[in-house]
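The primary structure of each chain is shown beneath.
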Amino acid sequence: MKDQVKIAVRPLVEYVFRSGDLDSGFRTGTALTEGTKAHQQVQRSYGEADQKEVYLAAEIPYGDLLFIIEGRCDGLLVLEDGSVMIDEIKSSSSDIPAAMEESYPVHWAQAKCYAYMYAREHGAKRMKVQLTYVQVITGEQRRFQQEVDFTELEAFVNEIVEQYAPYAQMLRDHQIARDKSISELDFPFASYRDGQRKLAGAVYKVIGERVHLFAKAPTGIGKTISTTFPAVKAMGEGRLERIFYLTAKTITRTAAEDTFSLLQSKGLHLHVVTITAKEKICPQDRVSCRKEDCPFADGYYDRINGAVLDILANETLIGRKTIEDYARKHRVCPFEFSLDLAYAADVVICDYNYIFDPRVSLKRMFAESKSRTALLIDEAHNLVDRAREMYSASLNKGDFLSLQREYKSLNAEVHQAAKAVNGFFIQLRKDALDSGRKEQVSQQVPAQLIEQVEHFILAAEQELSLHQDGEQGQLLLQTYFTAQSFVRISKLYDDRFVTYAEISSREVSIKLFCLDPSHLLREMGKGYCSHIYFSATLIPMSYYRDMLGAREQDYTLSLPSPFHREQLEVQIEPLSTRYHDREGTKLQVAELLRRMMAGRSGNYLFFFPSYAYMNLVYEAFIANFADETGLRLMLQQGDMTEEEREGFLAAFDADNEGTLAGFAVMGGIFSEGIDLVGDRLTGVAIIGVGLPQIGLERNIIRDYFNSGGKNGLDYAYVYPGMNKVLQAGGRLIRTETDQGRLLLIDDRYLQPHYVALLPDEWK
């Protein structure tokens, strides 16, 4: 019996017909609805006898494999003579082909595969195929047609299968070894910690039921192994094809890599790929994907299949260094290489945005693959504000004014397009001056501005296709991408958005601001088997279920801390840290911090709600207590390099003599995801309740949720602030043997509303 290989038409032809340079491909990536709308626009013009979204399939044997090729063609058009023509629709926000010879072989290949399937099933001897290109911004359409004999179609499809077969055979052999290793894999520790088995069981259950899980799992339970191990087991049983481990920070990515390394040391055979941001992994001094600027982009698609086969045949843990090594060997872009590997890997470790951001998400994740993919979303509390960023976009007047000036003598179309957008901002400033308000908020999408920005995009594209050099070229490229993002986000605009403008003497900016990201998170996550949202600080759970798009059928799990109360000594000092009291109480705060350290030498972290407040207390501490014997102070800076961050953490050594005190900010790089176990951290002080600074955006969020019958103050300020508090305090007790002192400085820690948001072990 032959092993079956089930594959959709599009990934099959994309694998075989990749060739050329990174910057020469047809850009089909669009926002959530742009591509769908373009397809629907064409399909609405079909006749009564025509069909759309028609499922087609064919079985093709090759060696010891049986390929089951399937897909949905965009249109089956019935012609006047009764014959049928395949219509394949391709949408793009970039230029569309102007002539037949400029169309793309991969698109013809997809259309011909559908034509072969239809002809084979219905006995047709000849088939017509049509490519319909749509420019999503202008709505422009172009059509190209071919007529092909069935024998040609059959030979064409067989050749595609033959070229794909070595890759399919490698994946088949890997899957057999993978599933065998999973069946023999035991939990990698001698026993489960308290709560660990319950979390692992819940993850396994929701994957089986194809629903989502929201899990509050306190520090020390071992969240990473408790979510990855049951997901891997589900994969071995055929319930999953792929796992995405999504994180917000590099340090949690490292924890996931370490966990899979541990499992592989116990016999697991799995392809694990980590995606590193383009800016970090790019081997060039300046990120540019033009073949003229980068040898790794020049001819990328001619070499990528060989690179993918090589690395998958020889490696399993495929992190940043491994990808960089093979990228140099095969002369391919390491970032694009990692994306191509992601479609073949069993596990992908990456940032949230590769799934949830419409601008950068993995666009070749098709429905069949999604339905067999689980999302493990680590530190899920971070996703609320990250999603707001993903689904918001802004423009600045200054960029367009600069382009208007720079291109006056270089390109009349770019000059005029930039001038029109700049003119919109000039009028906006005038209206603000007339009204006496420097901030303007509207619930309407700025249609006039969108139209002007679309014209700018078209003019910029034409110029960039010829020139990208010099400072003006880089400014144009950067503004072009910003403008594209603005237009894409405008297509998502609904009553969960507002438009706001801020006007100052030097700048005018306008922002499409997403207030409630839950709907778009659901849309971007639609089709995946299960989402596992987990964090130590999903408090209150109702807020995070609401903001992350939970459905009625999704589960909630809240686990108690595995540590004993005796491990943590908690002290509350009811001193006001409100903004207007900070100058008057700074010395008292400094004295409380000194007293905290006086009883016990060691390493301490003091967390503040802002850099300004941190510096205020730090200066008071320096002026009064810095000369005490054996006391060493460190201060977090806002622009620390990676080496400086590592140096800051390395200073917290268990063998330090005397006392070390680190001043840091809540919500920063040292308040989440770091492990200072044992004597590396003696005590933590949290000054204030972490509320975000009062400002326009937070007030807009507050008013929006108030209008919807919810507590807007909590949604905008209290819940995000207290989450930072919980994360900072969570740095203290990391293992069963840790002991520590926690000092909470603020009178609100005695108010019932805030007490309810504290973990039981803090009360």
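Up top you'll find the structure we're talking about.
Residues numbered from 1 in each chain as written. Predicted model: local features only at pLDDT ≥ 70, side-chain atom pairs only at ≥ 80, totals over all residues. Heavy atoms only, no water.

**Student:** Explain the overall build of the protein to me, please; I cannot follow it from the model alone.
**Tutor:** Within the protein, the secondary structure is distributed over 26 helices and 24 strands. Compactness check: the protein gives a C-alpha radius of gyration of 29 Å against a globular reference of 27 Å for 763 residues, within 12% of the reference. For the C-alpha atoms alone, the extent of the protein along its principal axes is close to 90 × 75 × 50 Å. Looking at the protein as a whole, 56% of its 763 residues qualify as buried. (Helix = DSSP H or I, 4+ residues; strand = E, 2+ residues; numbered from the N terminus. Rg over C-alpha atoms; globule rule 2.2 N^0.38 Å. Buried < 20%, exposed > 50% of the residue type's maximum accessible area, 1.4 Å probe, protein only.)

**Student:** Even after reading the chapter, I still don't get the pairing of strand 6 (residues 141-149), so can you show me in this structure?
**Tutor:** Side-chain direction in a regular strand flips from residue to residue, so the side chains alternate between the two faces of the sheet. Relative to strand 6, strand 5 (residues 126-135) runs antiparallel, the two sharing nine bridges. The residue of strand 6 that forms the bridge with Thr132 is Arg143. Between strand 5 and strand 6, which pair antiparallel and follow one another directly, the connecting turn spans five residues, one of which, Gly139, has a positive phi of 80 degrees. (Pairing = 2+ DSSP bridges.)

**Student:** What am I meant to see in the sheet that holds strand 16 (residues 508-514) here?
**Tutor:** Think of a sheet as strands paired side by side through backbone hydrogen bonds, with each pair either parallel or antiparallel. In spatial order, the strands read 13-16-15-14; together these four strands make up an open sheet with antiparallel pairing. Unpaired on one side and paired on the other, strand 13 (393-396) and strand 14 (439-442) mark the two borders of the sheet. The mean inter-strand angle of the sheet, taken between neighbouring strand axes irrespective of direction, is 15 degrees. The sheet contact formed by strand 14 and strand 15 (residues 497-503) spans four bridges and is antiparallel. Looking at the pairing, Gln440 lines up with Ala501 of strand 15. Helix 24 (residues 696-707) contacts strand 14, strand 15 and strand 16 of the sheet and is inclined by roughly 150 degrees relative to strand 15. (Axes fitted to C-alpha atoms, helices over the stretch in contact; angles between N-to-C directions. Contact = heavy atoms within 4.5 Å.)

**Student:** What is the right way to read empty space enclosed by the protein from this model?
**Tutor:** Here the idea is plain: a probe the size of a water molecule rolls over the atoms and shows the empty space left. Counted according to the given criterion, the structure contains four cavities of 30 Å³ or more. Considered as a void within the structure, the largest cavity measures approximately 60 Å³ in volume. Every residue lining the largest cavity is listed: Lys278, Cys282, Pro283, Val287, Ser288, Cys289, Cys294, Phe296, Cys333 and Phe335. In the lining of the largest cavity, the residues fall into eight nonpolar, one polar and one charged. (1 Å grid on protein atoms, 1.4 Å probe; cavity = no way out; pocket = protein on both sides within 12 Å on 5 of 7 lines; lining within 4 Å. Points joined across faces, edges and corners; volume = space filled by probe spheres on them. Nonpolar A, V, L, I, M, F, W, Y, C, P; charged D, E, K, R; others polar.)

**Student:** Got a minute to help me understand the environment of Asp679 in this structure?
**Tutor:** Residue placement: Asp679 occurs in the loop between strand 22 (659-665) and strand 23 (683-687). For Asp679, a relative accessible area of 52% puts it in the exposed group. Linking Asp679 and Gly602, residues 77 residues apart in sequence, is a C-alpha distance of 7.4 Å. Asp679 has contacts with Asn603, Asp653 and Ala654, leaving out every residue within four places of it along the chain.

**Student:** Explain the side chain of Ser371 to me, please; I cannot follow it from the model alone.
**Tutor:** Considering the arrangement of structural elements, one finds Ser371 in the loop between helix 13 (367-370) and strand 12 (373-378). By relative accessible area, which is 18% here, Ser371 ends up buried. Beyond its immediate stretch of four places on either side in the chain, Ser371 contacts Arg210, Gly527 and Cys529.

**Student:** When you look at the pattern of salt bridges in this model, what are you seeing that I'm missing?
**Tutor:** Between side chains of opposite charge, a pair can form when the charged atoms approach closely. For the structure on display, the rule yields 40 salt bridges. Asp149 serves as the salt-bridge partner of Arg126, at 2.0 Å between the closest nitrogen and oxygen. Placement of the pair is Arg126 in strand 5 and Asp149 in strand 6, with a sequence separation of 23 residues. The class for Asp149 is partly exposed, based on a relative accessible area of 25%. The salt bridge partner of Asp434 is Lys430, with a shortest N-O separation of 3.3 Å. Of the two residues, Asp434 and Lys430 both sit in helix 16 (residues 412-435), four residues apart, roughly one turn of that helix. Of the residues examined, Asp434 reaches a relative accessible area of 57% and is grouped as exposed. Overall, Lys430 belongs to the partly exposed group, its relative accessible area being 47%. In the salt-bridge network here, residues are joined through shared partners; they are Asp3, Asp64, Arg172 and Asp173. (Salt bridge = Lys/Arg side-chain N within 4 Å of Asp/Glu carboxyl O.)

**Student:** Would you explain the packing of helix 24 against helix 25 (residues 712-729) in this entry?
**Tutor:** Running from N to C, helix 24 and helix 25 point in directions that differ by 135 degrees, and their axes come no closer than 5 Å. One element, helix 24, and the other, helix 25, form an angle in the oblique class. On helix 25, the residues that touch Arg698, Asn699, Ile701, Arg702, Phe705 and Asn706 of helix 24 are Gly712, Leu713, Tyr715, Ala716, Tyr717 and Pro720. Counted by class, the contact of helix 24 with helix 25 contains seven nonpolar, three polar and two charged residues. (Parallel < 35°, antiparallel > 145°, perpendicular 65-115°, else oblique.)

**Student:** Please clarify how the packing of aromatic side chains should be interpreted in this entry.
**Tutor:** Two aromatic rings, taken as a pair, are described by how far apart their centres are and by the angle between their planes. Under the defined criterion, the tally for this structure stands at 33 aromatic pairs. Consider the rings of Phe608 and Tyr613, whose centres lie 5.7 Å apart with planes at 80 degrees: the pair is edge-to-face. Each of the two residues, Phe608 as well as Tyr613, counts as buried. Judged by centre distance (4.7 Å) and plane angle (40 degrees), the ring pair of Phe705 and Tyr715 falls under tilted. Taken together, the residues Phe705 in helix 24 and Tyr715 in helix 25 connect sequence positions 10 residues apart. (Phe/Tyr/Trp six-rings, centres within 6.5 Å; stacked < 30°, edge-to-face > 60°.)

**Student:** Honestly, a negative patch on the surface in this entry has me stumped. Any pointers?
**Tutor:** On the surface, Asp639, Glu642, Glu643, Glu644 and Glu646 cluster together into a negatively charged patch. Summarising the element assignment, Glu644 is placed in helix 23 (residues 642-650). Taking relative accessible area as the criterion, Glu644 reaches 43% and is therefore assigned partly exposed. (Patch = residues over 30% accessible without salt bridge, like charges linked within 9 Å, V, L, I, M, F, W, Y side chains within 5 Å. Areas by Shrake-Rupley, 256 points an atom, 1.4 Å probe, with all protein chains shown as cover. Lys, Arg positive; Asp, Glu negative; His and termini not counted. Charge placed at Lys NZ, Arg CZ, Asp CG, Glu CD.)

**Student:** Would you mind showing me how to read the packing of helix 4 (residues 150-183) against helix 6 (residues 223-236) here?
**Tutor:** When two helices pack together, you describe them by how their axes are tilted relative to each other and by the distance separating the axes. Relative to each other, helix 4 and helix 6 sit at 125 degrees, their axes nearing to 9 Å. As the angle between them shows, helix 4 and helix 6 are arranged oblique. Handedness of the crossing formed by helix 4 with helix 6: left-handed. Counted together, Arg178, Asp179, Ile182 and Ser183 of helix 4 and Val232, Lys233, Met235 and Gly236 of helix 6 form the full contact between these two elements. Residues belonging to the contact of helix 4 with helix 6 are distributed by class as follows: three nonpolar, two polar and three charged. (Left-handed = near helix turned anticlockwise from the far one by under 90°.)

**Student:** What's the story with the nonpolar core in this structure? I'm lost.
**Tutor:** Nonpolar side chains tend toward joint burial in soluble globular proteins. Counting residues in hydrophobic clusters, the biggest one holds 197 residues, and the most contacted among them are Phe67, Ile69, Phe337, Phe356, Tyr391, Phe456 and Ile686. Considering each element in turn, this core owes the most residues, 11 residues, to helix 4. In this structure Phe67 touches Val5, Ala58, Glu59, Ile60, Tyr62, Val161, Tyr164, Ala165 and Ala168, once residues within four positions along its chain are discounted. Listed in part, the 37 residues of the second largest apolar core include Ile182, Ala202, Met235 and Leu557. (Core = buried A, V, L, I, M, F, W, Y, C linked by side-chain atoms within 4.5 Å.)

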